[in-house]
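One letter stands for each residue in the lines below.
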Amino acid sequence: MSLVISHWSFAKDKGQLTNDNSIKYVILMIVRVRFLPDDVTVDAEVGEPLLDVADRAGVFIPTGCLMGSCHACTVELEDGEIVRACISAVPPREELTINLFSDPTW
Ligand code: FES
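Residues numbered from 1 in each chain as written. Predicted model: local features only at pLDDT ≥ 70, side-chain atom pairs only at ≥ 80, totals over all residues.

Trainee: Is there a simple way to think about the overall build of the chain in this case?
Mentor: Each helix and strand in the chain was counted, giving 1 helix and 6 strands. Moving toward the C terminus, one meets the helices and strands of the chain in the order β-β-β-α-β-β-β. By residue count, 17% of the 106 residues in the chain fall in the buried class. Taking the intrachain contacts of the chain between residues at least 6 apart in sequence as the baseline, contacts between residues at least 24 apart amount to 42%. (Helix = DSSP H or I, 4+ residues; strand = E, 2+ residues; numbered from the N terminus. Buried ≥ 20, exposed ≤ 12 C-beta atoms within 10 Å, placed from the backbone. Contact = placed C-beta atoms within 7 Å.)

Take a look at the structure:
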């Protein structure tokens, strides 16, 4: 597996004070996440829960159990992989496209 990082972000607000009161910076891997069919794009951190990213983007992903068993939150990644958003996080990729299914029963 190859890892491509689109850009790095230095997060001073997520830094920690060290013994000498200098700030230790944390490097975050940022992934550009695009939601279809609405075509909404936001930046997200690797490991950030997909439901949190969708919420921040103003995109609605239906949920039910929030434990991975009901499949209400099923979405499709650009490579065709089907994942349940409630138990998935942003993977280390340059970009991520998430296709939302519309299911009128949820
Ligand atoms: S909300 Fe039930 S599987 Fe995600």
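Trainee: Which parts of the structure should I look at to understand unusual backbone geometry?
Mentor: A negative phi angle is the norm for most residues apart from glycine, just as the trans form is the norm for most peptide bonds. Following Leu36, the chain continues into Pro37 via a peptide bond in cis, with omega recorded as 10 degrees. With respect to the element layout, Pro37 can be found in the loop between β2 (23-36) and β3 (40-45). Unlike most non-glycine residues, Asp39 shows phi in positive territory, near 55 degrees. With respect to the secondary-structure elements, Asp39 resides in the loop between β2 and β3. Look at Asp39 and you get exposed, because 8 C-beta atoms sit within 10 Å. Even without a glycine there, the phi angle at His71 is positive, about 65 degrees. With respect to the helices and strands, His71 occurs in the loop between α1 (50-57) and β4 (74-77).

Trainee: Which parts of the structure should I look at to understand the pairing of β4?
Mentor: In this sheet, strand β5 (residues 82-84) lies alongside β4 in antiparallel orientation, the contact comprising 3 bridges. Across the sheet, residue Val75 finds its bridge partner in β5, namely Val83. Bridge count for β4 against strand β6 (residues 95-100) is 3 bridges, and the pairing is antiparallel. In the sheet register, Glu76 faces β6, and the bridge partner there is Asn99. (Pairing = 2+ DSSP bridges.)

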